[in-house]
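# Structure assessment
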Amino acid sequence: MADPSVWQTIGPFFPTRLAEPSCTDLTELRGKPARGTRITLSGQILERDRQPMKNAIVEIWQPDSEGLFPHPADPRAASADPHFLGWGRCATDANGWYRFRTIMPGRRADNAGTRLPHINMMLLASGIMRRLTTTVFFGDETVSPDDPVLTAVPPASRNRLFARRAPELDRVTDEAYRFDIVIQGAEETPFFLD
Amino acid sequence: MADTVYQPYIDSKQTPHRVQGYARTFTRTPDAFVERPVTLTERTGPLGVEQRLAVGSADFTRTSPDGPRAQGPLMLLHGRVVDDCDSPVAGAMIEVWHANASGKYIHEDDAFNAPFDPNFTGGGRVVTDADGRFSITTVKPGPYRAGPASWRAPHIHFSIIGTSWMDRMVTQMHFPGEPLNDFDMLLNAAPDGTPRESMIAHALPPSIEAGDASAFEHVFVLRGHAGSGDGG
């Protein structure tokens, strides 16, 4: 077995044209709309001392509205929404904000437990030598108390992994959710060993 | 199909999160990490991500097929993407960016005192073939000053989207024999021996096929390999 390549930072000069604005809208593919409830997911990325982190890259990966993935590892892939890829990328603005338009992910029974609606999220930036990964949850813990990822997190910090309804950010067609990330210090977002 | 096997990264074989002399690595690293299981969400990823990320020309030395060439020494890179058991990763999205021959990036935050090159595209995207291979044509990047007394050796940045959440990779490729390799903060942040050496490309001998270009090859290893089929 060979060792994986060595992770490195994207550095300060990741080209803005490799984070096309079109990558922030997951709600259609090949000209047709995805199934499900349209939401926006936005928030602010804060580094130490709660300083906004501009020029960071946020990437997300999520199942479709029924919890399915268009991928051979998913035995139910054939039923996955053909107009939902589930992947997005957004560069943070000068105040550290990202924003995606997507579909509310579905619940799904996994072999290790029933997954809450969730979106995997990772951060890349100058000074982040290896990606930082976390998971954003929707709803509340009582819906799927055995979610294998949420239950891996110490109980006291689980609430930091839930997106909050943010009616003040609603748009005509989208329910808005907010998920801020604190990279380090008090109220630090739980990140996963990778 | 048997589940793909993903091992956690081994700290002694990866760059540390905090690098002495690189202040941002200290303000952008969490104090703690939580172990998580590998669920279906981690085993999957965006196949066909080129539906979102437009793939362009693999020649970064001109902005149009008949346009003038960028300044600097022409180079070819033959890359190969494999999993950690050396099986090719087909259809991987490779995103590439680097400084021009003078050491200048196409980025508003780059304050290095060196000229832009209007014919250099700064990088682009390519997808690996069935054997995990890809090739790009570019100009060899120049070194540049990155701090009061800190220079980067010539290097090319790579971002790779493979087949899952687990095999995502961002790395940098250096060049053999560069004097600044001994002083590059990031190359030398990689553990000595195999990890550091794995970041340096191999030069290929001059050839008729390469023509006016110097040629290099480099292997990118993504985490994960096919399971044995017995659940192991």
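The structure displayed is predicted, hence computed values, not measured ones. (Residues numbered from 1 in each chain as written. Chains lettered and ligands numbered in written order. Predicted model: local features only at pLDDT ≥ 70, side-chain atom pairs only at ≥ 80, totals over all residues.)

Attention shifts here to the overall build of chain B. For chain B, the helix and strand inventory stands at three helices and ten strands. Reading the helices (α) and strands (β) of chain B from amino to carboxyl end gives α-α-β-β-β-β-β-β-β-β-α-β-β. Seen through its principal axes, chain B has C-alpha atoms that stretch 55 × 40 × 35 Å. Within chain B, buried positions represent 44% of all 232 residues. For chain B, the share of sequence-separated contacts (at least 6 apart) that also reach a separation of at least 24 residues comes to 75%. (Helix = DSSP H or I, 4+ residues; strand = E, 2+ residues; numbered from the N terminus. Buried ≥ 20, exposed ≤ 12 C-beta atoms within 10 Å, placed from the backbone. Contact = placed C-beta atoms within 7 Å.)

Let us now look at the overall build of chain A. Looking only at helices and strands, chain A features zero helices and 13 strands. The order of α-helices and β-strands along chain A, N terminus first, is β-β-β-β-β-β-β-β-β-β-β-β-β. The C-alpha radius of gyration of chain A comes to 17 Å, within 12% of the 16 Å expected for a compact globule of 194 residues. Principal axes of the C-alpha set define a box for chain A whose edges measure 50 × 40 × 40 Å. Residues counted as buried form 47% of the 194 residues belonging to chain A. In chain A, of all internal contacts separated by at least 6 residues, the share reaching a separation of at least 24 is 70%. (Rg over C-alpha atoms; globule rule 2.2 N^0.38 Å.)

Residue and element names in this part refer to chain A. Taken together, four strands build an open sheet; the order of strands is β5-β4-β9-β10 and the sheet is antiparallel. At either margin of the open sheet sits one strand with a lone partner, and together these are β5 (87–91) and β10 (132–137). Neighbour-to-neighbour, the strand axes of this sheet turn through a mean angle of 25°, independent of strand direction. As paired elements, strand β9 (residues 118–124) and β10 share six bridges and run antiparallel to each other. In the sheet register, H118 faces β10, and the bridge partner there is F137. (Pairing = 2+ DSSP bridges. Axes fitted to C-alpha atoms, helices over the stretch in contact; angles between N-to-C directions.)

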